[in-house]
Amino acid sequence: MLKPALRLLACLMPFATGAFAADGGAAGFATKAAQAYMIEATTGTVLLAKNEDQSFSPASLAKLMTMDLVFEALTKGQITLDTEYPVSEYAWRTGGAPSRTATMFASLKSRVRVEDLIKGVAIQGANDSCIILAEGMAGSEQQFAVSMTRRARELGMEKAEFGNSTGLPDRKSKVTAREMVTLAAALQQTYPNLYPYFAQPDFEWNKIFQRNRNPLLGLDLGADGLATGFTEGEGYSIVASVQRDGRRLFVALAGIASDKERTEEAKRVLEWGLTAFENRQIFGEKEVIGAASVYGGTARTVDLVAKAPVSVYIPISNPDRLSARIIYRWPLTAPVKPDTQAGTLRIFAGSRLLREVPLYTVQAVGEGSLSSRAVDAMLELGESLFFSWLWDKPAPV
């Protein structure tokens, strides 16, 4: 039997959406950032995309992955907020007071509680806090960085690499704007009880008072995270989250010329994301979205539905038509059980992918008779040859 082909069912949906410009935003909107990516959290709709898969140095944005590993360990009970870790000379010199970098001013050879170290990272972006946590949890910062990259792969961050826990300059660390949004969303959705640390306004340690380094927290945007960064030669970056009027947005911007411009641009992008879009439901709960072919079954097709109503955020102005495609591995083989993930709905505005939604089978399809399976085998042979030509034919030279 030939290898099943990947089938795409394309259809036009009669719903208005915004036309997308070359940089991936709605028509008439452009960002000064070299790399940018923004989503609406509930639907996963992509609101802005510009060079979103182009790698850049994370700088202090790497600390978000350090926090993810710490939050994971807390959630699994491997450590507690009261666990204490020692301040090594390496942590003190590399990220502490002598380093002249962002620091919580942890004293050499002292011991610091995990909760205070979390505050040092989330509020102050402290490098000593990161290294103390890395050494305490993994034995060395190098081994902790290996776990950071491993965790990135688990989250679907295929390009990300981490060489240390702080984001201090090295030749290895790299991320993309899309990946940083993925990480930000994972932090908020997986650890809602720990996420509020990022929004605390200030933190005092060793009799030194410092305010949160996130410039968006005091701008009445609804910001509640997350981190900023700077890399020589690449510019300024930020990963931010806001929640306002029932909407939550995550955004990553990088390659911005100055600290001042980073704050202004992040505010402008987020305000646009909060005000220029409306939520539009395109499929209702349990509404049949399409059907998938079944080989060797008592029925030739099985209906596909999403687990919940399907909505997207679309620009209020500049209407255009949405398109959607159902993608699945053709054909499904009987028997088919109900409520089995069998495909994906991809929703586009122009060529820009807005969101992907898993699709599930509605009914069961039993195994057909010997004669029906023989007929299906002949149909599969013919259609597989057709799709093999359609998708695998070499491009003309």
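- In the nomenclature of an unreviewed UniProt entry, the protein chain corresponds to serine-type D-Ala-D-Ala carboxypeptidase from the organism Rhizobium esperanzae.
- Recorded in UniProt for the protein chain, the comment headed Catalytic activity (unreviewed entry) runs: "Preferential cleavage: (Ac)2-L-Lys-D-Ala-|-D-Ala. Also transpeptidation of peptidyl-alanyl moieties that are N-acyl substituents of D-alanine."
- Comment text from UniProt for the protein chain, heading Pathway (unreviewed entry), reads "Cell wall biogenesis; peptidoglycan biosynthesis."

1. Focus: the side chain of arginine 248
At step 1: Note that arginine 248 resides in strand S10 (residues 247-256).
At step 2: Polar contacts involving the side chain of arginine 248 include one to the side chain of glutamine 243, which spans 3.1 Å.
At step 3: In this structure arginine 248 touches Ile39, Glu40, Ala41, Gln188, Tyr195, Asp224, Ser241, Val242 and Gln243, once residues within four positions along its chain are discounted.

2. Here we look at helix H4 (residues 127-138)
At step 1: In this model, H4 (twelve residues) spans 16 Å end to end at C-alpha, consistent with the 16 Å of a helix rising 1.5 Å per residue.
At step 2: Buried residues of H4: Asn127, Asp128, Ser129, Cys130, Ile131, Ile132, Leu133 and Ala134, and no others.
At step 3: Close packing links the buried residues of H4 with helix H1 (63-75), strand S4 (84-86), helix H2 (89-95), helix H3 (114-124) and helix H5 (141-154).
At step 4: A positive phi of about 95 degrees marks glycine 139, the residue just after H4.

3. So, the nonpolar core
At step 1: In this structure, Leu64, Phe71, Phe162 and Phe198 are the most contacted members of the largest nonpolar core, which totals 61 residues.
At step 2: In terms of residues, this core owes the most to one element, H1, which gives eight residues.
At step 3: Here leucine 64 is in contact with Met180, Leu183, Leu187, Phe198, Leu226, Ala227 and Val239, once residues within four sequence places are set aside.

4. A closer look at the environment of leucine 353
At step 1: Checked against the element boundaries, leucine 353 lands in strand S18 (residues 352-361).
At step 2: Measuring from C-alpha to C-alpha, the distance between leucine 353 and alanine 324 comes to 9.3 Å, with 29 residues separating the pair along the chain.
At step 3: What leucine 353 contacts, discounting residues up to four positions off in sequence, is Val46, Arg346, Ile347 and Phe348.

5. Notes on H1
One full turn of an α-helix is made of 3.6 residues, so residues set three or four places apart face in the same direction.
At step 1: Spanning 13 residues, H1 covers 18 Å between terminal C-alpha atoms, matching the ideal 18 Å at 1.5 Å per step.
At step 2: Counting buried residues along H1, twelve of its 13 residues qualify, which places the element largely inside the surrounding structure.
At step 3: Here H1 has its buried residues at Lys63, Leu64, Met65, Thr66, Met67, Asp68, Leu69, Val70, Phe71, Glu72, Ala73 and Leu74.
At step 4: Lining the buried residues of H1 we find H3, H4, H5, helix H6 (177-190), strand S8 (223-231) and strand S9 (235-244).
At step 5: Taken from the residues just after H1, glycine 77 is the one with a positive phi, measuring 80 degrees.

6. As for the pattern of salt bridges
At step 1: The final tally for this structure, using the stated rule, is 21 salt bridges.
At step 2: Among the salt bridges present, the one from arginine 268 reaches glutamate 265, with a minimum N-O distance of 2.8 Å. Of this pair, arginine 268 and glutamate 265 both sit in helix H7 (residues 259-275), three residues apart, which is roughly one turn of the helix.
At step 3: Judged by relative accessible area, arginine 268 falls into the partly exposed class, the value being 35%.
At step 4: Here aspartate 339 makes a salt bridge to lysine 307, at a shortest N to O gap of 2.5 Å.

7. What about the side chain of aspartate 128?
At step 1: By the element assignment, aspartate 128 lies in helix H4.
At step 2: As a buried residue without a salt bridge, aspartate 128 has its nearest oppositely charged side chain in lysine 63, at a separation of 8.8 Å.

8. Description of unusual backbone geometry
At step 1: Between glycine 225 and the following residue, leucine 226, the backbone shows a cis peptide bond with an omega angle of 15 degrees.
At step 2: Following the sequence through the fold, leucine 226 ends up in strand S8.
At step 3: Of note in this structure, arginine 100 is not a glycine but carries a positive phi near 55 degrees.
At step 4: Take arginine 100: it is sitting in the loop between H2 and strand S5 (111-113).

9. A closer look at the environment of arginine 150
At step 1: Checked against the element boundaries, arginine 150 lands in helix H5.
At step 2: For arginine 150 and alanine 160, which are ten residues apart along the polypeptide, the C-alpha to C-alpha distance reads 9.5 Å.

10. Focus on the environment of tyrosine 236
At step 1: Within the secondary structure, tyrosine 236 is located in strand S9.
At step 2: Measuring from C-alpha to C-alpha, the distance between tyrosine 236 and threonine 263 comes to 9.8 Å, with 27 residues separating the pair along the chain.

11. What to know about the packing of aromatic side chains
At step 1: In the structure shown here, the tally under the stated rule is seven aromatic pairs.
At step 2: Measuring from ring centre to ring centre gives 3.9 Å for phenylalanine 29 and tryptophan 272, while their planes differ by 5 degrees; the resulting arrangement is stacked. Here tryptophan 272 lies in helix H7 and phenylalanine 29 lies in the loop between strand S1 (6-18) and strand S2 (35-40), a separation of 243 residues in the sequence. Assigned by exposure class, phenylalanine 29 and tryptophan 272 land together as buried.
At step 3: Where phenylalanine 71 meets tyrosine 191, the ring centres are 5.6 Å apart and the plane angle is 65 degrees; that geometry is what we call edge-to-face. In this pair, phenylalanine 71 sits in helix H1 while tyrosine 191 sits in the loop between H6 and strand S6 (202-205), placing the two residues 120 residues apart along the sequence. Each member of the pair, phenylalanine 71 together with tyrosine 191, is buried.
At step 4: Cation over ring: lysine 307 sits above tyrosine 360, and NZ or CZ is 4.6 Å from the ring centre.
At step 5: Arginine 325 extends its terminal NZ or CZ atom over the ring of phenylalanine 348, reaching a point 5.0 Å from the ring centre.

Quick notes on the rules
- Residues numbered from 1 in each chain as written.
- Predicted model: local features only at pLDDT ≥ 70, side-chain atom pairs only at ≥ 80, totals over all residues.
- Heavy atoms only, no water.
- UniProt positions renumbered as here; feature names shortened; annotations may be inferred.
- Helix = DSSP H or I, 4+ residues; strand = E, 2+ residues; numbered from the N terminus.
- Polar contact = N/O pair within 3.5 Å; in protein donor to acceptor, adjacent residues only side chain to side chain.
- Contact = heavy atoms within 4.5 Å.
- Expected span 1.5 Å × (residues − 1).
- Buried < 20%, exposed > 50% of the residue type's maximum accessible area, 1.4 Å probe, protein only.
- Core = buried A, V, L, I, M, F, W, Y, C linked by side-chain atoms within 4.5 Å.
- Salt bridge = Lys/Arg side-chain N within 4 Å of Asp/Glu carboxyl O.
- Lys, Arg positive; Asp, Glu negative; His and termini not counted.
- Phe/Tyr/Trp six-rings, centres within 6.5 Å; stacked < 30°, edge-to-face > 60°.
- Lys NZ or Arg CZ within 6 Å of the ring centre and 35° of its normal.

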